[in-house]
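# Examining the three-dimensional arrangement
Here are the chains, one letter per residue:
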Amino acid sequence: MESFSITDTGRMRNSNQDSVFCEENAVGVFPNLFLVADGMGGHNAGDLASKICIETFVERIRESAKRTPVGAMEDAADFANHAIMEKSKEDVKFKGMGTTLVGMMIEDGKAYIINIGDSRLYQIRNGIKQITTDHSLVEEMVLSGEIGKDQMRTHPNKDIITRALGTMPNPKPDCFELDVMTGDVYLLCSDGLSNMVDDKEIESIINENADNLSQAGKKLVEVANEAGGKDNISAVLIRID
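A brief structural summary. Every chain is numbered independently, its residues counted from 1 as its sequence is written. Totals for whole chains, interfaces and linings use every residue, but because this is a predicted model, local features are given only for residues with pLDDT of at least 70 and side-chain atom pairs only at 80 or more, for both listing and counting. Here the side-chain values reflect all heavy atoms present in the structure, with hydrogen atoms and water set aside.

## Brief notes about the packing of helix α5 (residues 199–208) against helix α6 (residues 213–226)
Think of two packed helices as two axes; the pair is described by the angle between the axes and how far apart they sit. Throughout, an axis means a line fitted to C-alpha atoms (over the contacting stretch in the case of helices), and angles, computed between N-to-C directions, take values from 0 to 180 degrees. By definition, any uninterrupted DSSP run of H or I lasting at least four residues is a helix, any uninterrupted run of E lasting at least two residues is a strand, and each is numbered from the N terminus. α6 packs onto α5 with a crossing angle of 145° between their chain directions and a minimal axis gap of 9 Å. The crossing of α5 and α6 is right-handed. Two secondary-structure elements touch here, α5 through E201, I202, I205 and I206 and α6 through A216, K219, L220 and V223. Only Asp, Glu, Lys and Arg are considered charged, only Ala, Val, Leu, Ile, Met, Phe, Trp, Tyr, Cys and Pro nonpolar, and every remaining residue, Gly among them, polar. Here the contact of α5 with α6 is composed, by residue class, of six nonpolar, no polar and two charged. A clockwise turn of the near helix away from the far one marks a right-handed crossing, whereas an anticlockwise turn of less than a right angle marks a left-handed crossing. Should any heavy atoms of two residues lie within 4.5 Å, those residues are counted as being in contact.

## A look at the nonpolar core
The nonpolar core is taken to be a set of buried Ala, Val, Leu, Ile, Met, Phe, Trp, Tyr and Cys residues, with the residues joined through side-chain atoms within 4.5 Å. Using a 1.4 Å probe on the protein chains alone, a residue whose accessible area is under 20% of its type maximum counts as buried, one over 50% counts as exposed, and one in between counts as partly exposed. Counting 28 residues, the largest nonpolar core has L33, L35, F57, I61 and L101 as its most contacted members. Contributing elements (two or more residues each) for this core: β3 (33–40), α1 (45–63), α2 (69–88), β5 (101–107) and β6 (110–116). Sort the elements by how many residues they give to this core and α1 lands first, with eight residues. Setting aside chain neighbours within four positions, we find L33 in contact with F21, C22, E23, V27, F57, V58, I61 and M104.

## Structural notes on α5
When we look at burial in α5, the residues that qualify are I202, E203, I205 and I206. Along α5, the residues classed as buried sweep out an arc of 165° about the axis, all on the same side. Exposed side of α5, more than 90 degrees from the buried face: K200 and E208 are the residues found there. Where α5 is buried, its residues contact β7 (120–124), β8 (128–130), β10 (185–189), α4 (191–194), α6 and β11 (233–239). Whenever a nitrogen or oxygen atom comes within 3.5 Å of another N or O atom, the pair is scored as a polar contact, on the condition that within protein one atom can donate a hydrogen and the other can accept it, and that pairs from neighbouring residues in sequence are kept only if both atoms are in side chains. For α5, the capping residue at the N-terminal end is D198, with a side-chain oxygen 3.2 Å from the backbone nitrogen of K200. The arc refers to the directions leading from the helix axis to the C-beta atoms.

## Structural notes on the sheet that holds β11
If you walk across this open sheet you meet the five strands as β1-β11-β10-β7-β8, and the pairing is antiparallel. Each end of this open sheet is capped by a strand with a single partner; those strands are β1 (2–8) and β8. For this sheet, the mean inter-axis angle between neighbouring strands, taken without regard to orientation, is 15°. At least two bridges found by DSSP between two strands are what make those strands a pair. In this sheet, β8 lies alongside β7 in antiparallel orientation, the contact comprising three bridges. The residue of β8 that forms the bridge with Q123 is K129. Contacts from α5 reach β7, β8, β10 and β11, with the element oriented near 55° to β7. Seen against the sheet, α6 touches β1, β10 and β11 and runs at an angle of roughly 25° to β1.

Below you can see the structure in the form of structure tokens.
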């Protein structure tokens, strides 16, 4: 396995409200762990929310006695959610802060995944496939047939998410598993990438740099910035060797 992570403020924001975690080695009982969180909230509350999310999620996984990967992830997300909500009560400027989260662990030919919000996991294997489902208003509009999938990136309501950590007492992240294969590349990213670069271009960049994940990640950020860089941009790339 090889991995690479990168996060960038972008061209339009004054601060980076994304946080990433990329560890190929053991994290508690997990043999590896990869996370991307995209915070929201004014007065820098978003960067605090994503930072708390990553730190508390990782802390909980390190301490976890849960027997199943999915159970451990659900427990860690609940722990992170509680920590963000408690912090939001300390100062009025933190009120309403929250964060998305997408995470992945790989073990014995399977990937265990968690996501809430609109940060995404993609699989590149004979094409590109979005593995996670966005918890967003535009995703609901696509499912209802109100708009097409190709309209999501440019829709005026694309930034409205319907589920996030820190914004409600019992959020329900999606947790599931899938089979992985040698040669697969996985991309976890914030919407600062997926809103700026379409899926086919993401696939092309990764395939062109499949043997150099560092180069692929930097190129993804570069292209997102060239397209406008309207949001923070974060990416974690994992290749199954």
